[in-house]
Amino acid sequence: MPVDLHQCFRVDPGDLPGEAVIFGRTAAMREVHGKIERVLESDLPVLLQGERGTGKDLVARFLHIRSSRSQGPFVKLSCAALPQRLLEAELLGSEAGAVSGVGEAKRGLMEMAEGGTLFLDEISEIGLSLQRKLLFLLRDGRYFRVGGREERQARVRIVCSTNVHLALAVSKGCFRPDLFDHMDGMCFRLSALRERKEDIPQLWSFFADKLARKFGKRAPHLTPAVLRVLEEWDWPGNLCELENCIARFIVLEDEEAIVDELRRKAAITNIADGRAESEPQAESAALGAIAKTGILEVLKAKRESKRKTTEELKRSYRSPLYRLRGIGGLQRRRSRRRFPRPE
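Values in this document were obtained by computation on a predicted structure and should not be read as measured data.

Undergrad: Help me out: how do you make sense of the overall build of the protein chain in this one?
TA: Helices and strands together make up the secondary structure of the protein chain, namely 15 helices and eight strands. When the 343 residues of the protein chain are sorted by exposure, 45% land in the buried category. Counting only contacts in the protein chain whose residues sit at least 6 apart along the sequence, the fraction spanning at least 24 positions is 72%. Split by element, the accessible area of the protein chain, about 19,000 Å² in all, is 48% carbon and sulfur.

Undergrad: What's the story with the pattern of salt bridges in this structure? I'm lost.
TA: Side-chain pairs of opposite charge can arise whenever the charged atoms involved come near each other. Within the structure shown, the criterion is met by 25 salt bridges. A salt bridge links Glu-51 to Arg-194, with the nearest nitrogen and oxygen atoms 2.5 Å apart. Taken together, the residues Glu-51 in the loop between strand S2 (46-49) and helix H3 (56-65) and Arg-194 in the loop between strand S8 (187-189) and helix H9 (200-215) connect sequence positions 143 residues apart. Look at Glu-51 and you get partly exposed, because its relative accessible area is 28%.

Undergrad: Any chance you could explain the packing of helix H6 (residues 128-140) against helix H8 (residues 177-184) here in plain terms?
TA: For any two helices packed against each other, one specifies the crossing angle of their axes together with the interaxial distance. In contact at an axis separation of 9 Å, H6 and H8 are set at 35 degrees when each is read in the N-to-C sense. Relative to H8, H6 is oriented so that their crossing is left-handed. Residues Gln-131, Leu-134, Leu-135, Leu-138 and Arg-139 of H6 form the contact with H8, whose own contacting residues are Asp-178, Leu-179, His-182 and Met-183. Residues belonging to the contact of H6 with H8 are distributed by class as follows: five nonpolar, two polar and two charged.

Undergrad: Can you walk me through the pairing of strand S7 (residues 157-162) in this structure?
TA: Walk down a regular strand and you will see the side chains alternate between the two sheet faces. Among the six residues of S7, six are classified as buried, and the element is accordingly described as predominantly covered. Residues Arg-157, Val-159 and Ser-161 point to one face of S7 and Ile-158, Cys-160 and Thr-162 to the other, with burial holding for every one of them. For strand S4 (residues 117-121) and S7, the ladder comprises four bridges, and the chain directions are parallel. Its bridge partner being in S7, Phe-119 is matched across the sheet by Val-159.

Undergrad: Honestly, the confidence of the model for the protein chain in this entry has me stumped. Any pointers?
TA: Regions with low pLDDT should not have their predicted coordinates read in detail. Summarising the model, the protein chain shows a mean pLDDT of 81, and 75% of its residues fall at 70 or more. Below a pLDDT of 50 lies the segment residues 1-5, which in the model reaches seven contacts outside its immediate sequence neighbourhood of four places, other chains included.

Undergrad: Is there a simple way to explain empty space enclosed by the protein in this structure?
TA: Going through the model one piece at a time under the given rule, you end up with one cavity of 30 Å³ or more. The calculated volume of the largest cavity comes to roughly 30 Å³. Broken down by secondary-structure element, the contributors of at least two residues to the lining of the largest cavity are helix H1 (19-23) and H9. Per-element accounting of the lining of the largest cavity gives the leading share, three residues, to H9.

Undergrad: Please explain the packing of H9 against helix H10 (residues 224-232) as it appears in this structure.
TA: Two elements in contact, H9 and H10, have axes whose closest approach is 11 Å; the angle formed by their N-to-C orientations is 110 degrees. Here H9 lies roughly perpendicular to H10, going by the angle between them. Once H9 is placed against H10, the crossing between them reads as right-handed. Residues Ile-200, Pro-201 and Trp-204 of H9 touch H10, and the partners they reach there are Val-226, Leu-227, Leu-230 and Glu-231. Taken together, the residues of the contact of H9 with H10 break down into six nonpolar, no polar and one charged.

Undergrad: Any chance you could explain the environment of Arg-66 here in plain terms?
TA: For Arg-66, the position within the fold is in the loop between H3 and strand S3 (74-78). Along the sequence, Arg-66 and Ile-36 sit 30 residues apart, while their C-alpha atoms lie 9.9 Å from each other. Residues in contact with Arg-66, not counting those within four places in the same chain, are Glu-19, Glu-37, Leu-40 and Glu-41. In this structure the side chain of Arg-66 is engaged in a polar contact, spanning 2.6 Å, whose partner is the side chain of Glu-19. Within the structure, Arg-66 has its side chain in polar contact with the side chain of Glu-37 (distance 3.1 Å).

Undergrad: Explain the environment of Leu-242 here, please?
TA: Relative to the helices and strands, Leu-242 resides in helix H11 (residues 238-252). C-alpha of Leu-242 to C-alpha of Leu-230: the two residues are twelve residues apart in sequence and 8.7 Å apart in space. In contact with Leu-242, other than residues within four places in its own chain, are Leu-193, Leu-203, Phe-207 and Trp-235.

Undergrad: Would you take a moment to explain H9 for this structure?
TA: Helical periodicity: at 3.6 residues per turn, an α-helix aligns residues three or four positions apart in one direction. For H9, with 16 residues, the first-to-last C-alpha span of 21 Å sits near the 22 Å given by 1.5 Å per residue. Packing partners of the buried residues in H9 comprise H1, H10 and H11.

Cut-offs and rules
Residues numbered from 1 in each chain as written. Predicted model: local features only at pLDDT ≥ 70, side-chain atom pairs only at ≥ 80, totals over all residues. Heavy atoms only, no water. Helix = DSSP H or I, 4+ residues; strand = E, 2+ residues; numbered from the N terminus. Buried < 20%, exposed > 50% of the residue type's maximum accessible area, 1.4 Å probe, protein only. Contact = heavy atoms within 4.5 Å. Areas by Shrake-Rupley, 256 points an atom, 1.4 Å probe, with all protein chains shown as cover. Salt bridge = Lys/Arg side-chain N within 4 Å of Asp/Glu carboxyl O. Axes fitted to C-alpha atoms, helices over the stretch in contact; angles between N-to-C directions. Left-handed = near helix turned anticlockwise from the far one by under 90°. Nonpolar A, V, L, I, M, F, W, Y, C, P; charged D, E, K, R; others polar. Pairing = 2+ DSSP bridges. pLDDT = per-residue confidence, 0-100. 1 Å grid on protein atoms, 1.4 Å probe; cavity = no way out; pocket = protein on both sides within 12 Å on 5 of 7 lines; lining within 4 Å. Points joined across faces, edges and corners; volume = space filled by probe spheres on them. Parallel < 35°, antiparallel > 145°, perpendicular 65-115°, else oblique. Polar contact = N/O pair within 3.5 Å; in protein donor to acceptor, adjacent residues only side chain to side chain. Expected span 1.5 Å × (residues − 1).

Here you go:
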């Protein structure tokens, strides 16, 4: 089995940012922090819900390190990484011969996490059959290995995460309503970065120090100009996107390159979403040189194919081309056919 399908390790408190960085200063995240503090010493399952990159992994580790199980292992499994049959065996373990290609009994992650925390990432990806077994485990604390008849006791805290609205998944028949009801009582929603932009300076400081040590460079100072650009961007990738942005900043050592990159992405996004002004004069003022550069880069990458450029911009066939002509980036191609003029 590839080693990256799950992780099993002890969490070092020094690897985690402080509470002020994980939860920030917004009222919504402070409320999440307060509720998590109250459930630390219980063994109740916890569900962390939020968009991709909102720090669900960080909160799961924080919950583990602050609980009475902190000296036990922290085991993480991505539920989207395996087919359902193998996922069940990976999670619960299997008896000899129960899984094709595995000739001996195998411990599951439930046993490996004993005394600690089991973090099930992307819980919405598990099938209905395994959901039933997970419900039995959460409710009664017992389970069976795949192919086994011996009932086993689970001595582990289970934390789950999802970037899917499970209530919607229930309505579509993709998630068991009884499992959802069992987990919904301890469900905490993590805010997207666009909802907590006042936390960007603290997040910058943490990621910059961490990445500077990793790359052997000096942590860059957050200037007002860069902060202004960071606050203008909506961060669809949330904390992960911000961390990657800071990593590029440190490696390139070029403030202007990062500023231009974010502005270019913003311009292309605005055009692709149709959020630019409709009137030509207002549109030219809003897009300016940055929008022109962004579209032309896509056009060049697609070898001047109008259709491929439009597909990249996720718009109708003509609209981006009209915008290009409006800012002087593209001229109509004349037909190469030459017809004789009528005499």
